[in-house]
Amino acid sequence: MENLSIAIGCDHGGFELKQKVMEHLKSRNIEFKDFGTFSKDSCDYPIYARAVAEAVADGCYKRGIIICGTGIGVSIVANKVKGIRASLCSDTFSARLTRMHNDSNILCMGERVVGAGLALDIVDAWLDAEFEGGRHQRRIDMIEG
Ligand code: RB5
């Protein structure tokens, strides 16, 4: 597996799951930086989603993980940042395939959608799958023109 460094973020709706994902990354010796939010107080998800997406787009971090209540808001925000291919996943098949085919560089999840056990399996499937390149690279090149 490539040497990964992960930018991670959430809003209040994803705070608990982000804590579990960070523990999981630690247990796998994967480096990460937490871009907030840092409490369960109500906040605005675009702030944290954009911070993670820009850190990945700038090349400071290889990949990002962003969590909110549904995963939808953060994925909408992240996909507006040039160079970001953010994938909202609630199953391991999609998490694996979005790495293999879309070279996904941000994983989004919804804490109110997936349980913690499944979420950590999704993280592992997404972290461990490799981009296949070839015809998939051609298609990715067509996304931003
Ligand atoms: C916050 O209540 C919730 O709207 C947010 O976490 C997210 O689900 C938005 O898409």
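No experiment lies behind these values; they were computed from the predicted model shown. Sequence positions are assigned chain by chain, starting from 1 and proceeding in written order. Whole-chain, interface and lining totals are the exception, using all residues; otherwise, since this is a predicted model, local features are given only for residues with pLDDT of at least 70 and side-chain atom pairs are given and counted only at 80 or more. Each side-chain value is derived from all of the structure's non-hydrogen atoms; neither hydrogens nor water enter the calculation.

**Student:** Go over the packing of aromatic side chains, please, and point to the residues and values.
**Tutor:** Ring pairs shown here join Phe, Tyr and Trp side chains whose ring centres sit within 6.5 Å, with only the six-membered ring taken for Trp; geometry is labelled stacked below 30 degrees between planes, edge-to-face above 60, and tilted in between. Within this structure, the stated rule accounts for 1 aromatic pair. Relative to Y61, the ring of F35 lies with its centre 5.8 Å away and its plane at 85°, an arrangement referred to as edge-to-face. Taken together, the positions of F35 in the loop between β2 (31-34) and α2 (45-57) and Y61 in the loop between α2 and β3 (63-68) put the pair 26 residues apart, joining distant regions of the chain. Residue placement shows K33 over the ring face of F35; its charged tip is 4.8 Å from the ring centre. Secondary structure counts use DSSP, requiring at least four H or I residues in a row for a helix and at least two E residues in a row for a strand, with both numbered from the N terminus. Working rule: Lys NZ or Arg CZ, within 6 Å of ring centre, within 35 degrees of ring normal, means a charge sits over the ring.

**Student:** Any details on the nonpolar core? Residues and values, ideally.
**Tutor:** Each nonpolar core is a collection of buried residues, namely Ala, Val, Leu, Ile, Met, Phe, Trp, Tyr and Cys, held together in the definition by side-chain atoms within 4.5 Å. Think of it in three bands: with a 1.4 Å probe and only protein chains considered, a residue is buried below 20% of the maximum accessible area for its type, exposed above 50%, and partly exposed in between. If you look at the biggest cluster of nonpolar residues, it comprises 24 residues, and the most contacted ones within it are V21, I65 and M109. Sorting the residues of this core by element identifies β1 (5-10), α1 (15-27), β3, β5 (106-110) and α5 (116-128) as the ones contributing at least two each. Of all the elements, α5 adds the most residues to this core, at 7 residues.

**Student:** Could you give an account of the site of the ligand, with specific residues and numbers?
**Tutor:** The full set of residues close to the ligand is D11, H12, Y45, C68, G69, T70, G73 and R112. Within 3.5 Å is the distance limit for a polar contact, defined as a pair of N or O atoms, with the added protein rule that one can donate a hydrogen and the other accept it, and that residues adjacent in sequence qualify only through two side-chain atoms. Here an oxygen atom of the ligand sits 2.8 Å away from a polar atom, N or O, in the main chain of G69. Contact between the ligand and T70: an oxygen atom at 3.0 Å from a main-chain N or O atom of the residue. Contact with the protein chains hides 72% of the accessible area of the ligand, taken as 290 Å² for the molecule alone. Nearness is judged by heavy atoms alone; a residue qualifies as near a molecule or strand once a single heavy atom is within 4 Å of it. Method for areas: the Shrake-Rupley scheme with a 1.4 Å probe, in which residue coverage is limited to the protein chains shown.

**Student:** How would you summarise the packing of helix α4 (residues 92-102) against α5 if you had to cite specific residues and measurements?
**Tutor:** As a rule, the C-alpha atoms of each element are fitted with a line to give its axis, helices using only the stretch in contact, and angles between N-to-C directions run from 0 to 180 degrees. Two elements in contact, α4 and α5, have axes separated by 8 Å at closest approach and are oriented at 20°. In terms of their interaxial angle, α4 and α5 are classed as roughly parallel. Regarding α4 and α5, the two cross each other, and that crossing is right-handed. Contacts between α4 and α5 involve T92, A95, R96, T98 and R99 from the first element and L118, D121, I122, A125 and W126 from the second. Residue classes follow a fixed rule: Ala, Val, Leu, Ile, Met, Phe, Trp, Tyr, Cys and Pro count as nonpolar, while Asp, Glu, Lys and Arg count as charged, and any other residue, Gly among them, counts as polar. Among the residues forming the contact of α4 with α5, the class breakdown is 5 nonpolar, 2 polar and 3 charged. The cut-offs work like this: below 35 degrees is roughly parallel, past 145 is roughly antiparallel, 65 to 115 is roughly perpendicular, and the gaps in between are oblique. Two helices crossing with the near one rotated counterclockwise from the far one by less than a right angle form a left-handed crossing, whereas a clockwise rotation gives a right-handed crossing. The contact rule is simple, with two residues in contact once any of their heavy atoms fall within 4.5 Å.

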